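Listed below are the residues making up each chain.
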Amino acid sequence: MGSLAETDVLFYPDVRRDESVADDYHGVRVADPYRWLEDPDAEEVKAFVAEQVKLTDTVLQSCDVRQKMNNKITELFDYPKFECPFKRGDKYFYFHNKGLQPQSVLYAQDTLDGEAEVILDPNELSEDGTVALSVYSFSENAEFLAFGLSASGSDWVTIKVLRVATKALEPDVLCWVKFSSIAWTHDHKGFFYCRYPTPVKDADAGTETDLNLSQQVYYHFLGTDQSEDILCWKDSDNPKWMFGAEVTDDGKYLVLSIEEGCDPVNRLYLCELDSLPNGLQGWKGKDELLPFERLVDKFDAKYEVIANDGNVFTFRTNKNAPRYKVTRVDTRNPETWTDIIAESAKDVLDSAQCVNHQQLVVSYLSDVKHVLEVRDLEHGTLLRTLPLDIGTVSGISGRRKDAEIFYGFTSFLTPGVIYRCDLSEDSELTVFKETSVKGFDRTRFETKQVFVPSKDGTKVPMFIVARKSIALDGKHPALLYGYGGFNISITPYFSASRIVLIQHCGVIFAIANIRGGGEYGEEWHRAGSLGNKQNCFDDFQACSEYLIKEGYTQPRKLGIEGGSNGGLLVAACINQRPDLYGCALAHVGVMDMLRFHKFTIGHAWTTDYGCSEKEEEFKWLIKYSPLHNVSRPWEKPDGLGVQYPPTMLLTADHDDRVVPLHTLKLLATLQHVLIKSSKSSNQTNPIVARIDTKAGHGAGRPTKKMIDEAADRLSFFVKMTGAEWTE
């Protein structure tokens, strides 16, 4: 294995173990000797992090392609990036990054070929680009822009308001907002949003680990203090529930969506805003919540509003339709629902949007590739199919009152194309913007999709991206990426850093669309969640074995990568099959499956994982929890010469989604079990962590931080798998 040089002996720091700490789970004693690493403010934890950073720096300094990798990724990443234009009021707005700007900038134009002006530049809000725009919403007339800023990657958001014409900030500042939309009433007087109670503990927002409980929905009147906001909804009996508020296109209804976790199910309530005596202003000072009609009052399916015509609402739902359908109900007769677009026999109805008055733009996911259709709103009749290459619809913009739509497209080898279409006439599609990347020639590469039989025979789709006409001789380094959770689909997308790997290091890149994701609907999701979680790991290991068996690579040259739930995937797979891999990169992973629900928003994940407080679910979790399944492979009967692959865990100090303690505890455990506590350890491959600062779970990370992290982890992968750099 292409590991460190023989002379580069790593000196792992001594880490205190508290053997007295243990929990009783349904009669099973489970030790937790690194419980003290759960306190991010403790000096001992800060010292642990500092020592681990030094250790990792030692390893990274030995990665001789690190600077080349950083330079090349920077060079390739320096291309203009555009998002789909969207209309608000009578202007067009769009986000654009010139190439290496830390954050994308919001622009406005009177016409599509008119002069663009900057409306909001997040890069001016911090010196290092770590303040990011995380949510935004224009008032109906586009006079005001309410926008949420997050700092250092935290999920916490502060909402401010901009007067668009003058670009002047209004005095409004709303704090302790998290997991919230912004929904304006059509009188432009204010907006709905969701917040949590002010934390009792005084901490740097984003570094705390306390549970996020008791979210509430408020309405804010422009020009008033947050303390005067109207409490619209709360549920003291269910403090873990989360809310989403939106105002219908006609401005008449407030739609309240209630979720109990991350499952694709929700309750749905409606409040008729016009029927409020004296409007929302009349609710000021009242000690009662807004009156809602409970259209759906159980967690049996997901309901997303597409459109409404008065009392008649059209929804996208998975009610008795795991691949989703479009259905309609008159709220005056809530027992009768009529399907408008039936569930497909195979494809997933991924999104539906009302445009051009009475039409729908419908996106399907077909074998992990998007198909885009225009359908009639009234009957769901197919009107036309919009042309697409094999890849991903990255965005769709359009309003019900407008015939004009835009949609973006990307793929592994397509940086970005934005198309424009006028639906008022049978016009041809036009390319509005197409991105080109200097130094990248897509004709030198190819993408293929294969279907790999898993352990139980299930066919798992996998994309493979490589140089054209490679010899299948098993000599290539390969990097396999996976996720497999929370009904999230991993579709093709362009990555400058991965193109650098393929182009300069001859790497084969693959994505395994394993169970647990949403690639084939709710049945596919369920097959990889709760008691079926092992299917995710089996699928990923089957895809790994396919790459080896078909001659793409060999175990010592095969790296695996994943983030968040995908970090859990990577860690579980090196526990179960350390012999199969030559490198592991686990980003911000959920590693302690017995205690994840005790920190920040972790309680919401029990719908996908289960919870150790329930005996049956504890039995699922303890079998694969990365923290609790580290063992010395060389001590097993068939483990002669086997060790863990070179492993880099990645986390960040402001990750308040999957808090850093997961990575820190697993890191200490790996180093203890494999190296520090073994008198005859076979573990010579490094076990290290890259711990970032002023960064979070991933969203809002400035460009330079993204490039630096990519260069570090990928140069580690190159070094450990023995890949060679070529210009």
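See the structure above.
Calculation criteria
Along each chain, residue indices are assigned from 1 in the same order as the chain's sequence is written. Under the rules for a predicted model, residues below a pLDDT of 70 receive no local features and side-chain atom pairs below 80 are neither given nor counted, while totals for whole chains, interfaces and linings still include all residues. Side-chain descriptors were evaluated using all non-hydrogen atoms of the structure, hydrogens and water having been removed beforehand. Under the scheme used here, helices are H or I runs from DSSP no shorter than 4 residues and strands are E runs no shorter than 2 residues, and both carry numbers assigned from the N terminus. With the radius of gyration taken over C-alpha atoms, the globule rule is written as 2.2 Å times the number of residues to the power 0.38. A 1.4 Å probe rolled over the protein chains alone gives each residue an accessible area, and that area as a share of the maximum for its type sets the label: buried under 20%, exposed over 50%, partly exposed in between. What makes two residues a contact is simply this: any of their non-hydrogen atoms within 4.5 Å. Classification of ring pairs rests on two measures: the distance between centres of Phe, Tyr or Trp rings, Trp counted by its six-membered ring, which must be within 6.5 Å, and the angle between planes, read as stacked under 30 degrees, edge-to-face over 60 and tilted in between. Working rule: Lys NZ or Arg CZ, within 6 Å of ring centre, within 35 degrees of ring normal, means a charge sits over the ring. By arc we mean the arc of the directions from the helix axis to the C-beta atoms, nothing more. Strands pair, by our definition, only if DSSP identifies at least two bridges between them. For every element, the axis is a line fit to its C-alpha atoms; helices are fit only across the contacting stretch, and the angle between N-to-C directions ranges from 0 to 180 degrees. When the strands point away from the viewer, a crossover counts as right-handed if the path from the first strand over the helix to the second runs clockwise. Oblique is the label for any angle not under 35 degrees, not over 145, and not in the 65 to 115 range, which are roughly parallel, roughly antiparallel and roughly perpendicular in turn. In this scheme the crossing of two helices becomes right-handed for a clockwise turn of the near helix relative to the far one and left-handed for an anticlockwise turn of less than a right angle. Throughout this entry, Asp, Glu, Lys and Arg are counted as charged residues, while Ala, Val, Leu, Ile, Met, Phe, Trp, Tyr, Cys and Pro are counted as nonpolar. The remaining residues, Gly among them, count as polar. Residues belong to one nonpolar core when they are buried, are Ala, Val, Leu, Ile, Met, Phe, Trp, Tyr or Cys, and are joined through side-chain atoms within 4.5 Å. Every helix has an expected span of 1.5 Å times one less than the residues it contains.

Visitor: Help me understand the overall build of the protein chain, please; the structure alone is not making it clear to me.
Guide: Broken down by element type, the protein chain carries ten helices and 39 strands. Taking 27 Å as the expected radius of gyration for a compact globule of 727 residues, we find that the protein chain reaches 26 Å, a close match to that expectation. Overall, the C-alpha framework of the protein chain stretches about 80 × 60 × 50 Å when taken along its three principal axes. The buried share of the protein chain, reckoned over its 727 residues, is 59%. Contacts in the protein chain between residues far apart in sequence, at least 24 positions, make up 59% of those at least 6 positions apart.

Visitor: For this particular structure, what's the right way to read the packing of aromatic side chains?
Guide: Describing an aromatic ring pair means giving the distance of the ring centres and the angle of the ring planes. Going through the model one piece at a time under the given rule, you end up with 40 aromatic pairs. The interplanar angle of 35 degrees and the centroid separation of 4.2 Å between the aromatic rings of Phe93 and Phe138 together place this pair among those described as tilted. Taken together, the residues span a long stretch of sequence, with Phe93 in strand 5 (residues 91–97) and Phe138 in strand 8 (residues 131–138) at a distance of 45 residues. Across the pair, Phe138 and Phe93 agree in class, each one buried. Members of the aromatic cluster, connected to one another through ring pairs, are Phe77, Tyr79, Phe440, Phe445 and Phe494. Geometry around Tyr79 places Lys81 over its ring, the cationic atom sitting 4.0 Å from the centre. Above the plane of the ring of Tyr481 lies Arg498, whose end atom (NZ or CZ) is 4.8 Å from the centre.

Visitor: Please explain helix 8 (residues 615–624) as it appears in this structure.
Guide: Since the α-helix turns once every 3.6 residues, residues separated by three or four places project in the same direction. Considered for burial, the residues of helix 8 that qualify are Glu617, Phe618, Leu621 and Tyr624. Each buried residue of helix 8 lies within a common arc of 145 degrees when the element is viewed along its axis, so the set occupies one face. In helix 8, the exposed residues that point more than 90 degrees away from the buried face are Glu616 and Lys623. Structurally, helix 8 contributes buried residues whose contacts are with strand 1 (22–25), strand 2 (28–31), helix 5 (534–549), helix 6 (565–576) and helix 7 (606–609).

Visitor: I tried to follow the sheet that holds strand 27 (residues 382–386) on my own but got confused; where do I start?
Guide: What holds strands together in a sheet is hydrogen bonding between their backbones, with the strands either parallel or antiparallel. The strand order across the open sheet formed by four strands is 24-25-26-27, and the pairing between neighbours is antiparallel. Of all strands in the sheet, those bounded by a partner on one side alone are strand 24 (348–355) and strand 27. Put simply, the sheet's adjacent strands are angled 25 degrees from each other on average, direction ignored. Of the pairings in the sheet, the one linking strand 26 (residues 369–376) to strand 27 comprises four bridges and is antiparallel in character. Residue pairing across strands places Glu373 opposite Thr385, the latter belonging to strand 27.

Visitor: Sorry, what's going on with the pairing of strand 36 (residues 558–563) here?
Guide: With six of six residues buried, strand 36 lies mostly within the body of the structure. Burial of strand 36 is two-sided: the residues Leu558, Ile560 and Gly562 facing one way and the residues Gly559, Glu561 and Gly563 facing the other way are all buried. Note: strand 34 (residues 478–482) against strand 36, four bridges, orientation parallel. Note on strand 36: the bridge partner recorded for Leu479 is Gly559. Alignment of strand 36 against strand 37 (residues 583–587), held across five bridges, turns out to be parallel. Looking at the pairing, Ile560 lines up with Ala584 of strand 37. Running through helix 6, the crossover from strand 36 to the neighbouring parallel element strand 37 is right-handed.

Visitor: Before we go on, may I ask you to explain the packing of helix 2 (residues 66–77) against helix 10 (residues 703–721) in this structure?
Guide: Interaxial distance between helix 2 and helix 10 falls to 8 Å at its minimum, and their mutual angle equals 135 degrees. Of the possible angle classes, the one that applies to helix 2 and helix 10 is oblique. Two packed elements cross with a definite hand, and for helix 2 against helix 10 that hand is right-handed. Facing Arg66, Met69, Asn70, Ile73, Thr74 and Phe77 of helix 2, the residues of helix 10 in contact are Thr703, Met706, Ile707, Asp708, Ala710, Ala711, Asp712, Leu714, Ser715 and Val718. Within the contact of helix 2 with helix 10, the residues separate by chemical class into nine nonpolar, four polar and three charged.

Visitor: Explanation requested: the nonpolar core in the structure shown.
Guide: Inside soluble globular proteins, nonpolar side chains tend to come together where they are buried. In terms of nonpolar packing, the biggest core is built from 122 residues, with Met69, Met462, Leu480 and Tyr609 touching the most fellow members. Residues contacting Tyr609, with those up to four places away along its chain left out, are Phe486, Leu530, Lys533, Asn565, Leu568, Val590, Met593, Phe596, Trp620, Leu621 and Tyr624. Counting 26 residues, the second-largest nonpolar core is a separate cluster that includes Ile230, Phe243, Leu254 and Leu256.

Visitor: For this particular structure, what's the right way to read helix 6?
Guide: In this model helix 6 runs 17 Å from its N-terminal to its C-terminal C-alpha over twelve residues, within 8% of the 16 Å that 1.5 Å per residue would give. Most of helix 6 is tucked away, with eleven of its twelve residues classed as buried. Residues of helix 6 that are buried: Asn565, Gly566, Gly567, Leu568, Leu569, Val570, Ala571, Ala572, Cys573, Ile574 and Asn575.

Visitor: Got a minute to help me understand the sheet that holds strand 20 (residues 303–309) in this structure?
Guide: Taken in spatial order, the four strands line up as 20-21-22-23 in an open sheet, and their pairing is antiparallel. The outermost strands of the open sheet, each flanked by one partner alone, are strand 20 and strand 23 (337–341). In this sheet, neighbouring strand axes are inclined to one another by 30 degrees on average, regardless of whether the strands run parallel or antiparallel.

Don't take any of this as a statement about function, it's just geometry.
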